[in-house]
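Fold and contact review
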Amino acid sequence: MGEGRTYEIRTYGCQMNVHDSERVAGLLEEAGYVRNDAGGGATPDLIVFNTCAVRENAADRLYGNLGHLFPVKKAHEGMQIAVGGCLAQMERQKIVDRAPWVDVVYGTHNIGALPALLERARHRQKAQVEFEETLETFPSLLPARRESPYSAWVSISVGCNNTCTFCIVPALRGKEKDRRPGEILDEVRALADEGVLEVTLLGQNVNAYGVEFGDKYAFSKLLRACGELRDHGLERVRFTSPHPKDFTDDVIAAMAETPNVMPSLHMPLQSGSDRVLKAMRRSYRRDRYLGILDNVRERIPHAAITTDIIVGFPGETEEDFADTLDLVERARFSSAFTFQYSIREGTPAATMPDQVPHEVVQERYDRLVALQSRICEEENAKLDGTEVEILVAEGEGRKDTATRRLSGRARDNRLVHFAPHGQTPRPGDIVTAKVTRGAPHYLVADDAPLSVRRTRAGDAWEARQAAPSQESPAPVSLGMPTIRG
Ligand code: SF4
């Protein structure tokens, strides 16, 4: 079908979308498309937008991009444009009504249909708009073109059974569907055998995993089972996003007792006010949240805990916000994704009274960011002089050209910039180094590395560099917005 036509995927939003884009790339390449890596700004024959619906301006941005592409498409005969992802699932036919030069619109439940829809649109010279209300094929069963040879996303569930009042995800991704543990472990084992060092288990609500097949301990069992794949070379297991209400002691025990499960935990808080948490329908309160942090820190003292916080939820008072600042002060997060509340059409919160004026939200947001930055710096400074094991990453250190530092992630997922001192670690290799400075949002290790371990993943990365351009992957950014949990 693709006959060597070139493609480009533009991905917005969370890790789940990055995972899905790897599947879209795999599907297209299986259908004969090739990645538009020719460089020189060559216009691709196909552009796929994998959209996000979480942010208020998501729709404006998509229509802006589509507007820019109208003349490009007119000048490039046979070019096609496809729009998928959460915003497509939400907007549907509206996208073609507003941008009739779009060829295909598909949803979050029928990614696998894309190549056939593109073909049908080409032959019928008519836009194809097709959606499924329930999941057709688990995305993880579709072919994948992975971005990184050393780090991989593995989806364990899609959808969410929660009903947080600010969130559109359940309406767009549907009720929670869980993959069978055996299937997940087969995928993780195959990845480890390929040389992948690190896997991140993905789900809108990973620690509710197993609800669908009635096993409330399924997630901790899965973590322990990943532990047994260390002898296949699986060194790092991460997961995102857990929901505080489902965070149980068996998961904390599995984290503490399984050596290759990393001591990093992303646990969205959203607000520190019980009154606001109730209005958000988050089904936990401050004390429970702080209690989980205490349990985690008791079993895993050096765990790095990160979070998501929304400022300016409808009805939020200065007292509510003071509760959030107080909880942040007590929680000592190693970092936090902070968001200004934005109305999302179709969510209960969108029509709630007492929407907070923008200037008030902005002022509170600035205070929260200042507080969290101070805490980040204090927590990072505590690591001065300690040894860290760094998985060298691609694309994180390039901007640091002056000092020629390279970069990667420590076991607790902190970003580390390190000076190689003439050694040549590759992305995918493991470097051990001593921290010489804790900066607000990263660690620095400027002394000579204590050790450099070359890995199969590093070899694979090097082989990709040497292979034809089709094989050189784009960097995987680890700093993207987190899955809404
Ligand atoms: S915020 Fe997370 S847990 Fe809540 S409904 Fe959205 S995806 Fe589900």
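One structure accompanies this document, and this report is about it. (Residues numbered from 1 in each chain as written. Predicted model: local features only at pLDDT ≥ 70, side-chain atom pairs only at ≥ 80, totals over all residues. Heavy atoms only, no water.)

Within the fold, Arg414 resides in the loop between β16 (406-409) and β17 (415-418). Its relative accessible area of 12% is what places Arg414 among the buried residues. Separated by 2.6 Å, the side chains of Arg414 and Asn380 make a polar contact. Side-chain polar atoms of Arg414 contact the side chain of Asp412, separated by 2.7 Å. Setting aside chain neighbours within four positions, we find Arg414 in contact with Ala304, Ser334, Glu379, Asn380, Leu383, Gly408, Arg409 and Leu443. (Helix = DSSP H or I, 4+ residues; strand = E, 2+ residues; numbered from the N terminus. Buried < 20%, exposed > 50% of the residue type's maximum accessible area, 1.4 Å probe, protein only. Polar contact = N/O pair within 3.5 Å; in protein donor to acceptor, adjacent residues only side chain to side chain. Contact = heavy atoms within 4.5 Å.)

This part is about the nonpolar core. Across soluble globular proteins, you tend to see nonpolar side chains buried next to one another. In terms of nonpolar packing, the biggest core is built from 56 residues, with Val199, Leu201, Phe219, Leu223, Phe247 and Val296 touching the most fellow members. Apart from the residues lying within four places of it in its own chain, the contact partners of Val199 are Ala152, Val154, Val188, Leu191, Leu234, Arg236, Val237 and Arg238. Core analysis: the next-biggest nonpolar cluster, separate from the first, contains 35 residues, Ile47, Met79, Val102 and Val105 among them. (Core = buried A, V, L, I, M, F, W, Y, C linked by side-chain atoms within 4.5 Å.)

Here three strands make up an open sheet; going across it, the order is β7-β10-β11 and the pairing parallel. A strand with exactly one partner marks an edge of an open sheet, and here the two such strands are β7 (151-155) and β11 (236-240). On average, each strand axis in the sheet is tilted by 25 degrees relative to the strand beside it, whichever way the strands run. One ladder, built from five bridges, connects β7 with strand β10 (residues 198-202); its direction is parallel. Along β10, the bridge assignment pairs Ser155 with Leu202. This element, helix α1 (residues 15-30), spans β7, β10 and β11 of the sheet and lies at about 100 degrees to β7. (Pairing = 2+ DSSP bridges. Axes fitted to C-alpha atoms, helices over the stretch in contact; angles between N-to-C directions.)

The next subject is the sheet that holds strand β14 (residues 335-340). Read from one edge to the other, the open sheet built from three strands follows the order β12-β13-β14, with strand pairing classed as parallel. Because the sheet does not close on itself, it has two edges, and the strands there are β12 (264-266) and β14. Strand-to-strand, the axes of this sheet are offset by a mean angle of 10 degrees, without reference to chain direction. As paired elements, β12 and strand β13 (residues 304-311) share three bridges and run parallel to each other. Its bridge partner lying in β13, His266 is registered against Thr306. In this fold helix α13 (residues 358-381) packs onto β13 and β14, with an angle of close to 175 degrees to the strand it touches most, β14.

Before going further, it helps to spend a moment on the pairing of strand β18 (residues 430-434). With four of its five residues buried, β18 lies for the most part within the structure. Relative to β18, strand β15 (residues 387-392) runs antiparallel, the two sharing five bridges. Bridge pairing in β18 links Val388 to Ala433.

Let's shift gears to the layout of surface pockets. Estimated volume of the largest pocket: approximately 870 Å³. Contributing to the lining of the largest pocket are 40 residues, with Thr306, Ser335, Phe337, Arg409 and Asn413 lying nearest its centre. Listed by contribution, the elements that provide at least two residues to the lining of the largest pocket are β7, β10, β11, β12, β13, β14, α13 and β15. Counted by class, the lining of the largest pocket contains 17 nonpolar, 17 polar and six charged residues. Taken as a whole, the second largest pocket spans an internal volume of roughly 540 Å³. The wall of the second largest pocket is formed by 27 residues, among which Pro263, His302, Ala303, Ala304 and Asp412 lie closest to the centre. (1 Å grid on protein atoms, 1.4 Å probe; cavity = no way out; pocket = protein on both sides within 12 Å on 5 of 7 lines; lining within 4 Å. Points joined across faces, edges and corners; volume = space filled by probe spheres on them. Nonpolar A, V, L, I, M, F, W, Y, C, P; charged D, E, K, R; others polar.)

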